[in-house]
Amino acid sequence: MTLQDAPNSVIDSLAASKTHTQSKYWRDAMTALEELYGKDDIEWLAPQISKILAKNILSRKIELKLLDEKRSQTPLWYAQKGRPAYCCYIDKFGQDFDGALQHLDYLENLNVGLLHTLPLLKPREGDSDGGFAIADFFDTDPKLGNIIKFENLANELHKRDIGLIIDIVCNHTAMENEWAQRWLKGDPEFADFYYAFDKSEVDAYEAGLIDVFPDTAPGSFSYNEEIGKYIWTTFYPFQWDLNYKNPKVFIKMLEALLFLTNKGVDGFRLDSAPFLWKTKGTLCRNHKNTHKIIIAWRNLLKILSPSSFLLAEAIESISEVIPFFGSKDAPECDLAYNNVLMTALWAGIADGNGQIVEKALSKASLKPANAKWLNYIRCHDDIIWIALKDIATNEDMQRWADFYNNSQGFATAMAFQAPENMPKSSCGMASGLCGIGKDDYGLERLKLLNAIIYVTEGVPMIYMGDEIGLGNDYSFLENDETKAEIRWLHRPKMDWDLAADHNKIIVFFQQFGKLVKENIPSHNADYIKAETIEDGKALKITQGFGKGEIVLIANFTCEEINLPQTTNLTQLYGDKEKLSAYGVNLYRGTIA
């Protein structure tokens, strides 16, 4: 039975039976929502959510229910060692959904476990901030194909045991979105869906805010002549912030999440989640009520699809990211971008010293045991140096920014914007940042960084093109819509001719991933110890699993390092008795 076929009487019957409301997931969701909105609102909110869930439970296809059941045998099915996520824009990867299907063998050869797609829902026309200005949460970008073709891609991925993550932009919509237009026209059903203030109120809020895009979109509000007020626009003027103080906004976004889950989506990257709740006199980021929204979403999604998961995008400092995991009793996101490790890796390779990476790994270990990091070296976003503010000085962060942004040494990059008096962030593909083609060590640097994210606890992620050494794309400077947005530098089109060459880089990903899969358990280590050796020139990461140990030693310099002989370790990868320039050695041992 499909959602369209189900009579209202059947839906009402299922909702009235309250079968789906008997679980702990439901109780935890309602607790979070009652804390958020109060008892009066929960009295009408709970029955409405129950009916929405009933509709989606009835419409869920048997294939997806069987997939949920299969995955229940391996709750952390999305976090298997040696099975990376692969992140891409569909149009850059395969032109459209049908084109992406033609390259699934390629993903299998990399042993990919998750396809992490960047925005693919219907965007506004023209500049859409790279697809992050959503005009319709219930339809796909027509350039990629319709929702049926999207569903077909999800099905084919599942047949290959590959999960699908998509971006859900939860803080804002495009100004052209139906919700926004109906709110603008005074439709009572959409009253209070967005924020609109007089200038005095704007000034009161602005006093506590920091601009996200101070160069290209200064301020957090945009004046709208039609209503004579300022609309909250954290990012760009065409992206209008949703007002989650209105519980109807929560319901609308929940409907989108459930709809997409039933189209085959396994995980959602919660884009811009830190900004969901606004409170005057604060930064309006990472508010405690934001976490209640995420707790409710997660639990309600689990009722429909127990194998679903949430990914926190929070590009913040480590102390601000860890709360998005929630706690053992109130879990939120199952995965989170390890932005701090990513940024620290680039800082360490610039310094020729692993101490900042040691600090990042130590901080990252403070996450709850039930959660996993998504470890990566590049993504579609910039490298934001202030993410290291918990573990580095302002002088250090500025020095690293200067190293990359001024293309000092081996790196080739471009500077992006940053708030006043803060180091500008950096843009570029990993190959350019590592110096491939600029000196003799670029490839080794790229391998070193990826070896660390593959071995350390969590899920590694390959950003499309890194596995073949794809370079920066300067063509964005020739396009009026993109030339002001430096991040397009590292959003190139996939070079399938280069990928077909089976070059040394892709062979490394295949071989190293296989080693990790065969030798490192997927469950949490009993202990993890990160330490620098050789006066900081090398980083040693030790993980204990029962009576076994995995040891990685990484050289952050262009100097060869001699290593003492080890009698209790079997070498899996690297040079014997030494670390070559930017070399990596991997060992497996037994604890006596």
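Read on for an overview of the structure.

Definitions and limits used
Residues numbered from 1 in each chain as written. Predicted model: local features only at pLDDT ≥ 70, side-chain atom pairs only at ≥ 80, totals over all residues. Heavy atoms only, no water. Helix = DSSP H or I, 4+ residues; strand = E, 2+ residues; numbered from the N terminus. Rg over C-alpha atoms; globule rule 2.2 N^0.38 Å. Buried < 20%, exposed > 50% of the residue type's maximum accessible area, 1.4 Å probe, protein only. Contact = heavy atoms within 4.5 Å. Patch = residues over 30% accessible without salt bridge, like charges linked within 9 Å, V, L, I, M, F, W, Y side chains within 5 Å. Areas by Shrake-Rupley, 256 points an atom, 1.4 Å probe, with all protein chains shown as cover. Salt bridge = Lys/Arg side-chain N within 4 Å of Asp/Glu carboxyl O. Lys, Arg positive; Asp, Glu negative; His and termini not counted. Charge placed at Lys NZ, Arg CZ, Asp CG, Glu CD. Axes fitted to C-alpha atoms, helices over the stretch in contact; angles between N-to-C directions. Parallel < 35°, antiparallel > 145°, perpendicular 65-115°, else oblique. Left-handed = near helix turned anticlockwise from the far one by under 90°. Nonpolar A, V, L, I, M, F, W, Y, C, P; charged D, E, K, R; others polar. Pairing = 2+ DSSP bridges. Expected span 1.5 Å × (residues − 1). Bend = angle between axes of the 7 residues up to and from the residue. Polar contact = N/O pair within 3.5 Å; in protein donor to acceptor, adjacent residues only side chain to side chain.

1. Points about the overall build of the chain
- Secondary structure assignment for the chain yields 20 helices and 24 strands.
- Relative to the globule expectation of 25 Å for 592 residues, the C-alpha radius of gyration of the chain, 24 Å, shows essentially globular dimensions.
- Each principal axis of the C-alpha distribution contributes one length, and for the chain these read about 70 × 50 × 45 Å.
- Considering the chain as a whole, with its 592 residues, one finds that 59% of them fall into the buried category.
- The contacts of the chain with a sequence gap of at least 6 include a subset with a gap of at least 24, amounting to 71%.

2. Structural notes on a negative patch on the surface
- The grouping of Glu34, Glu35, Asp40 and Glu43 at the surface amounts to a negative patch.
- Contributions of two or more residues to the negative patch are made by helix H2 (24-37) and helix H3 (39-59).
- Relative to the assigned elements, aspartate 40 resides in helix H3.
- On the basis of relative accessible area, aspartate 40 is assigned to the exposed category, the value being 65%.

3. Focus: the environment of histidine 490
- For histidine 490, the position within the fold is in the loop between strand E17 (459-463) and helix H19 (496-500).
- Sequence separation between histidine 490 and isoleucine 386 is 104 residues; the distance between their C-alpha atoms is 20 Å.

4. A word on the packing of helix H14 (residues 339-351) against helix H18 (residues 442-455)
- It is the contact of H14 with H18, at a shortest axis distance of 11 Å, that shows an interaxial angle of 140 degrees. Considered as vectors, H14 and H18 are oriented oblique to each other. The element H14 and its partner H18 pack so that their crossing is right-handed. Note on element contacts: H18 touches H14 through Arg445, Leu448, Leu449, Ile452 and Ile453, opposite Leu345, Trp346 and Ile349.
- Looking at side-chain class alone, the contact of H14 with H18 contains seven nonpolar, no polar and one charged residues.

5. Here's the deal with the sheet that holds strand E5 (residues 163-169)
- The parallel closed barrel is built from eight strands, whose spatial order is E1-E2-E5-E11-E12-E13-E14-E17. Averaged over all pairs of adjacent strands, the angle between strand axes in this sheet comes to 25 degrees, irrespective of strand direction.
- Taken strand by strand, helix H11 (residues 247-261) contacts E5 and strand E11 (267-271), and its axis lies near 160 degrees from that of E5.

6. Structural notes on unusual backbone geometry
- Its identity as a non-glycine residue notwithstanding, cysteine 284 has a phi of 60 degrees, on the positive side.
- For cysteine 284, a relative accessible area of 3% corresponds to the buried category.
- The phi angle at tyrosine 582 is positive, at roughly 55 degrees, despite the residue not being glycine.
- Take tyrosine 582: it is sitting in the loop between strand E23 (578-579) and strand E24 (584-590).
- You can call tyrosine 582 buried: its relative accessible area is 6%.

7. Some details on H3
- Between its first and last C-alpha, H3 extends 30 Å over 21 residues, near the 30 Å set by a 1.5 Å rise per residue.
- Along H3, the largest kink reaches about 30 degrees and is centred on leucine 45; proline proline 47 follows within four residues of it.
- Regarding H3, the residues found buried are Ile42, Leu45, Ala46, Ile49, Ser50, Ile52, Leu53, Ala54, Asn56 and Ser59.

8. Points about the pairing of E24
- Within E24, five of the seven residues are buried, which leaves it mostly tucked inside the rest of the structure.
- As paired strands, strand E20 (residues 548-555) and E24 are joined by seven bridges and run antiparallel to one another. Looking at E24, one finds that isoleucine 550 is bridged to arginine 588.
- Examined bridge by bridge, strand E22 (residues 569-573) and E24 share four bridges and lie antiparallel to one another. Paired with threonine 570 across the two strands is arginine 588, which belongs to E24.

9. Overview of the environment of arginine 298
- Structurally, arginine 298 can be placed in helix H12 (residues 288-304).
- The class for arginine 298 is buried, based on a relative accessible area of 12%.
- Spatially, the C-alpha atom of arginine 298 lies 35 Å from that of valine 551, the residues being 253 residues apart in sequence.
- Excluding anything up to four places from it in sequence, arginine 298 contacts Leu310, Pro331, Glu332 and Asp334.
- A polar side-chain atom of arginine 298 sits 2.9 Å from a polar atom in the side chain of aspartate 334.

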